[in-house]
Amino acid sequence: MECILCGHEKAHKHGKTAKGIQRYKCPHCGQTFPENLNTLYYNRHLSSDEVHTILQSHAEGSSLRGVSRISGRAYGTVVSLIRDAAQKAQMVHNHEVQQITTEEIIGDEMWSFIKKTEAL
Ligand SMILES: [Zn+2]
């Protein structure tokens, strides 16, 4: 496996984490890292099904508090997951979509947040 931290090609297996995730050690930089580093699962107590359900519900337009209720996860957990997923999606987009010449651009969705006011 390639070292996620320095790019060296031959990081080798180095036991498992307390949660049973494969850990790797790089002979070049000497660092260890779990195989899910740089993924949405790193440092989270969510199963892949839970991650899928939360992101799917959000994509279908459920409110954040609604998603929190459906998934049984804290509001902050839901927000943090969606933020990370959005950031990763933006990185993929920026990497994949480059130097495209267009004549027209159509935006099919636009969200804005104006202001939150105190209740009177
Ligand atoms: Zn390395």
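Scroll up to find the structure this text is about.
The model shown is predicted, which means the values in this text are computed figures rather than measured ones.

**Things to note about the overall build of the chain**
Reasoning step 1: On a plain count of helices and strands, the chain comes out with three helices and three strands.
Reasoning step 2: The helix and strand sequence of the chain, counted from the amino end, reads β-β-β-α-α-α.
Reasoning step 3: A globule of 120 residues ought to have a C-alpha radius of gyration of about 14 Å, yet the chain, at 19 Å, is considerably larger.
Reasoning step 4: Considering only C-alpha atoms, the chain reaches an extent of 60 × 45 × 25 Å along its principal axes.
Reasoning step 5: For the chain, contacts bridging at least 24 residues in sequence account for 30% of all contacts bridging at least 6.

**Some details on the pattern of salt bridges**
Reasoning step 1: Summed over the entire model, instances satisfying the criterion amount to two salt bridges.
Reasoning step 2: Linking R44 and D84 is a salt bridge whose minimum nitrogen-to-oxygen distance equals 3.1 Å. Note that R44 is positioned in the loop between β3 (32-34) and α1 (48-59) and D84 in helix α3 (residues 75-96), a separation of 40 residues in sequence.
Reasoning step 3: Since its relative accessible area comes to 13%, R44 is described here as buried.

**Some points on the coordination of the zinc ion**
Reasoning step 1: Listed as protein donors to the zinc ion are C3 (SG), C6 (SG), C26 (SG) and C29 (SG); their distances from the metal cover 2.3 to 2.4 Å.
Reasoning step 2: Because the angles between the four donor atoms bound to the zinc ion fall within 106 to 116 degrees, the donor set is best described as tetrahedral.
Reasoning step 3: For the zinc ion, the single-chain donor residues occur in sequence as C-x2-C-x19-C-x2-C.
Reasoning step 4: The class for C26 is buried, based on a relative accessible area of 0%.

**Some details on the side chain of S68**
Reasoning step 1: By the secondary structure assignment, S68 is in helix α2 (residues 64-71).
Reasoning step 2: When sequence neighbours within four positions are dropped, the list of residues in contact with S68 reads R73, A74, Y75 and V78.

**Comments concerning the packing of aromatic side chains**
Reasoning step 1: With the rule as written, the count across this model stands at one aromatic pair.
Reasoning step 2: Taking the centre distance of 6.0 Å and the plane angle of 20 degrees together, the rings of Y24 and F33 count as stacked.
Reasoning step 3: Residue class for F33 comes out buried when judged on its relative accessible area of 1%.
Reasoning step 4: The positively charged end of R65 is found above the aromatic ring belonging to Y75, 4.0 Å away from the centroid.

**Concerning the sheet that holds strand β1 (residues 12-16)**
Reasoning step 1: Overall, antiparallel pairing links the three strands, which are arranged β1-β2-β3 in an open sheet. The open sheet terminates on both sides in strands that have one partner only, identified here as β1 and β3. For this sheet, the mean inter-axis angle between neighbouring strands, taken without regard to orientation, is 35 degrees.

What counts and how
Residues numbered from 1 in each chain as written. Predicted model: local features only at pLDDT ≥ 70, side-chain atom pairs only at ≥ 80, totals over all residues. Heavy atoms only, no water. Helix = DSSP H or I, 4+ residues; strand = E, 2+ residues; numbered from the N terminus. Rg over C-alpha atoms; globule rule 2.2 N^0.38 Å. Contact = heavy atoms within 4.5 Å. Salt bridge = Lys/Arg side-chain N within 4 Å of Asp/Glu carboxyl O. Buried < 20%, exposed > 50% of the residue type's maximum accessible area, 1.4 Å probe, protein only. Donors = N, O, S within 2.8 Å, 3.2 Å for Na, K, Ca; no water. Tetrahedral: all angles 85-135°; square planar, octahedral: opposite > 155°, others 65-115°. Phe/Tyr/Trp six-rings, centres within 6.5 Å; stacked < 30°, edge-to-face > 60°. Lys NZ or Arg CZ within 6 Å of the ring centre and 35° of its normal. Pairing = 2+ DSSP bridges. Axes fitted to C-alpha atoms, helices over the stretch in contact; angles between N-to-C directions.

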